[in-house]
Amino acid sequence: MSSDAPSLKQELYAKRETIHPRAVTGLFARLRVTAVLALLGLYYFIPWIQWDERQAILFDLPARKFYIFGLVLWPQDFIYLSGLLIVAALSLFFFTAVAGRLWCGYACPQTVWTEAFMWIERKIEGDRNQRIKLDKAPLRHKKIWTKVLKHSIWILFSLWTGYTFVGYFTPIIELGSKLLTMSTGPWETFWVFFYGFATYGNAGWMREQVCIYMCPYARFQSAMFDRNTLIISYDKERGEPRGHRKRKADPKALGLGSCIDCKLCVQVCPTGIDIRDGLQYQCIGCAACVDVCDQVMEKLDYPKGLVRYTTENAMEHGETKLIRPRVIFYALLLLVIAGLLVFGLVNRSPVGIDIIRDRNVLYRITDEGLVENIYNLKILNKQEHDHEYRVEVSGIDGLQLRLDKLAVVKAGQVAELSAGVLIDPVLMTKPSADISFTVTALEDESITSQSEARFIKPR
Amino acid sequence: MMGTGGSRKKVLIAVTWPSFVCAGIFTALLFAFVDPYVLMDEIGVHADSRLAGYSLAFLYLWLVGIVVAAMALFIMCTPDPGKKEGNQT
Ligand code: SF4
Ligand code: SF4
């Protein structure tokens with residue numbers, strides 16, 4: 001343990017150089033921009049979709065229910081939500097095993113917002129060289145204005161992001177009008193600013209450091225990688241020995257490989273690494289180096305793909321196997337859990353019943369000589385309109401039921417009833433037996449649920 | 001005691017970030033089973049909205065996490081007196 005201390009210290013002391021990635025164009029850059037636009041569009045648009053006169057997707061924390069279009073989930077449905085999270089995690093494992101860091105390069109919120117922030121930065125401060133020059137320039141009029149403009153736009157964009165985020169948890173239209181009239185609650189305001197600040201900090205300032213120092217996924221993904229996983233790699237065999245040359249020069253005659261050592265791949269890299277040094281955990285698989293190197297190769301009339309998507313096996317002239325035990329395992333697991341989730345959701349009862357025996361009295365004998373057990377029933381109406389339910393009890397012939405009130409439950413509420421179950425002791429042979437309660441909605445027989453309890457009589 | 005700007009930032013990350021993630025997870029788990037109104041009643045904190053309950057619980061758990069992480073980091077960064085490397089104390 002203690003031997004780690006100095007290295008940890010060194011890690012903590014290392015100073016970060018600001019990275020100014022150069023803008024890139026090309027196939028993968030286009031793909032990334034498409035993904036970024038689609039995901040940002042979804043993020044900002046989804047809370048505004050309406051469904052049945054309410055927000056279609058709303059994790060209504062103040063009311064403790066989650067709406068996903070027609071589906072309403074209650075805290076009691078926590079299991080489905082966990083299921084959903086497990087499915088999401090497994091999908092990530094699956095895609096990682098097959099396609100490496102595809103998620104990081106194209107879909108991770110960190111990448112998506114960083115791209116957006118960098119786009120704003122480029123529009124205001126210019127590309128890499130101009131930004132480097134600006135950073136070195138003394139703090140004069142123009143520099144101050146450029147920086148103020150950039151940060152103001154970043155901050156506005158971040159606040160809008162924070163507002164949208166809170167809009168997933170409390171109705172966004174109401175929140176908007178409250179914000180306009182400055183009448184939001186203290187916590188709503190707090191979270192809008194908190195999330196806004198986090199966006200500004202992570203996408204504006206931290207950037208690749210989030211991937212390198214903060215992302216747990218970046219650390220444990222190596223466990224999902226194997227020799228057949230899609231990675232971005234530099235073809236050492238073809239590229240080395242690297243070196244400058246005249247455009248028309250014949251590399252063979254000069255004893256050179258295809259890499260002209262232009263370092264463009266390093267300049268475009270958002271995490272500031274050199275892909276030619278081999279696979280590194282800092283590489284987020286954004287393919288910016290692939291795009292830029294392909295352009296270099298094109299200019300020189302060399303074949304493309306000196307830096308390319310490949311697998312370790314393919315690099316070593318082996319065969320890439322897509323279907324392999326690891327992939328099959330993840331796929332099966334994913335299929336099973338997703339299947340269970342869908343099955344559970346489809347068969348999820350719109351009414352729930354919970355039974356607790358009265359702890360104070362085991363049983364009592366009524367004036368008519370019947371044995372009575374008392375239960376507390378909790379009926380949960382998971383639907384969006386009120387219901388009256390019929391409660392029945394079964395398990396032993398001759399059971400009678402006495403409720404203290406009608407089983408009427410408002411939409412999305414829980415009603416508590418006290419239920420007395422009675423029986424003539426001669427009808428019961430054993431000292432105790434299992435009984436079951438059934439609740440059924442009066443206007444719809446298909447809305448029904450059952451729960452078991454224990455009935456006890458004196459010996 | 002902490003040196004350059006870069007290092008201070010990394011210490012800040014190590015202390016605040018994992019604790020933030022854990023606080024998020026445990027807040028979600030906690031309130032999947034407990035209504036914040038009920039919880040606040042139990043401990044006698046007055047709050048007029050559930051959002052306040054969620055937020056206070058989250059911030060509290062985060063604070064606990066920060067303290068734990070800071071202590072862990074402090075222990076990790078203390079040089080072993082038995083070793084030659086590191087500061088002589
Ligand atoms: S962009 Fe291509 S040619 Fe240029 S240094 Fe990188 S690998 Fe070599
Ligand atoms: S090495 Fe290439 S793929 Fe990896 S992060 Fe840098 S530019 Fe993106």
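Residues numbered from 1 in each chain as written. Chains lettered and ligands numbered in written order. Predicted model: local features only at pLDDT ≥ 70, side-chain atom pairs only at ≥ 80, totals over all residues. Heavy atoms only, no water.

So, the overall build of chain A
Applied cut-off: Strands are runs of DSSP state E lasting at least two residues, helices are runs of H or I lasting at least four, and both sets are numbered from the N terminus onward. Radius of gyration here is computed from C-alpha atoms only, and the compact-globule reference equals 2.2 Å multiplied by the residue count raised to the power 0.38. When accessible area is computed with a 1.4 Å probe and restricted to protein chains, residues below 20% of their type maximum are described as buried, those above 50% as exposed, and intermediate ones as partly exposed.
Scanning chain A from terminus to terminus reveals 17 helices and 16 strands. Expected size for 459 residues packed as a compact globule is a radius of gyration near 23 Å; at 32 Å, chain A overshoots this value by more than 25%. Taken along the three principal axes of its C-alpha coordinates, chain A extends 110 × 60 × 50 Å. By the burial criterion, 46% of the 459 residues in chain A qualify as buried.

Side note on the domain arrangement of chain A
Residue and element names in this part refer to chain A. Cut-off, in case you're wondering: Here the limits of each domain have been adopted from an automatic or database domain assignment. Two residues form a contact once any of their heavy atoms are found within 4.5 Å. Each of two parts loses accessible area, computed with a 1.4 Å probe, when they are put together; buried area is these two losses added. Salt bridges are identified by distance alone: a Lys or Arg side-chain nitrogen within 4 Å of an Asp or Glu carboxyl oxygen.
Here chain A is described as being made up of domain 1 (16–348) and domain 2 (351–456). Between domain 1 and domain 2, the residue contacts involve 8 residues of the former and 5 residues of the latter. Where domain 1 abuts domain 2, roughly 510 Å² becomes buried across the two surfaces, and 56% of that area is made up of carbon and sulfur atoms. It is Val72, Trp74 and Gln76 in domain 1 that bury the most area against domain 2; as a group they hold 68% of the surface buried on that side. Joining domain 1 to domain 2, the criterion identifies 1 salt bridge.

Describing the packing of aromatic side chains
We count it as follows: Under the pairing criterion, centres of Phe, Tyr and Trp rings, with the six-membered ring standing for Trp, must be within 6.5 Å; the plane angle then separates stacked pairs below 30 degrees from edge-to-face pairs above 60, leaving the rest tilted.
Here the structure, examined in full by the defined rule, presents 35 aromatic pairs over all chains. For the ring pair Phe194 of chain A and Phe20 of chain B, a centre distance of 5.9 Å and an interplane angle of 15° mean the geometry is stacked. Pair noted here: Phe194 of chain A is in helix H9 (residues 186–206) and Phe20 of chain B is in helix H1 (residues 5–33), and the two residues belong to different chains. Judged by relative accessible area, Phe20 of chain B falls into the partly exposed class, the value being 25%. An aromatic cluster of at least three residues, connected via ring pairs, comprises Tyr43, Tyr44, Trp113, Phe117, Trp154, Phe157, Tyr168 and Tyr200 of chain A.

Some thoughts on the site of ligand 2
Inclusion rule: Proximity is defined per residue: any heavy atom of the residue falling within 4 Å of a molecule or strand makes that residue near it. Only Asp, Glu, Lys and Arg are considered charged in this grouping, and only Ala, Val, Leu, Ile, Met, Phe, Trp, Tyr, Cys and Pro are considered nonpolar; every other residue, Gly among them, is considered polar.
Around ligand 2, a shell composed of 13 residues is seen, among which Cys269, Cys283, Cys286, Ala287 and Cys289 of chain A lie nearest. Across the shell around ligand 2, the residue classes tally to 11 nonpolar, 2 polar and no charged.

Some words on the sheet that holds strand E5 (residues 71–73) of chain A
All names here are of chain A. Applicable threshold: At least two bridges found by DSSP between two strands is the condition for calling them paired. All axes here are fitted lines through C-alpha atoms, helices being fitted over the stretch that makes contact, and every angle between N-to-C directions spans 0 to 180 degrees.
Strands sit in the order E3-E4-E5 across an open sheet of 3 strands; the sheet is antiparallel. Each having just a single partner strand, strand E3 (57–60) and E5 make up the two edges of the open sheet. Neighbour-to-neighbour, the strand axes of this sheet turn through a mean angle of 15°, independent of strand direction.

Brief notes about the nonpolar core
Residue and element names in this part refer to chain A. So the rule is basically this: Grouping buried Ala, Val, Leu, Ile, Met, Phe, Trp, Tyr and Cys residues that are joined through side-chain atoms within 4.5 Å yields what is termed a nonpolar core.
Counting 32 residues, the largest nonpolar core has Ile232, Ile275, Cys289, Val290 and Val307 as the members making the most contacts within it. Elements with a contribution of two residues or more to this core: helix H2 (27–45), helix H4 (102–106), strand E6 (231–234), helix H14 (264–268), helix H15 (288–299) and helix H17 (325–346). The element that contributes the greatest number of residues to this core is H15, accounting for 7 residues. Non-local contacts of Val307, meaning those with residues more than four positions away in its chain, are made with Ile232, Ser233, Tyr234, Ile275, Cys289, Val290, Cys293 and Asp294.

Topic: H15 of chain A
All names here are of chain A. Stated precisely, the cut-off is as follows: Residue count minus one, scaled by 1.5 Å, sets the expected span of a helix.
Between its first and last C-alpha atoms H15 spans 17 Å; for 12 residues at 1.5 Å apiece the expected length is 16 Å, and the two agree. When you tally the buried positions in H15, you get 9 out of 12 residues, the bulk of the element. Among the residues of H15, Ala288, Cys289, Val290, Asp291, Val292, Cys293, Asp294, Val296 and Met297 are the ones counted as buried. Next to the buried residues of H15 lie H2, E6, helix H12 (236–239), H14 and strand E7 (307–310). The positive-phi residue at the C-terminal boundary of H15 is Asp301, with phi of around 65°.

Overview of the confidence of the model for chain A
All names here are of chain A. Using the following cut-off: By definition, pLDDT measures how confident the predictor is in each residue, and it falls between 0 and 100.
Averaged over every residue, the pLDDT of chain A is 88; the share at 70 or more is 97%. Below a pLDDT of 50 lies the segment residues 1–6, which in the model reaches 7 contacts outside its immediate sequence neighbourhood of four places, other chains included. Confidence over residues 8–14 falls short of pLDDT 50; this stretch has 19 contacts with residues more than four positions distant or in other chains.

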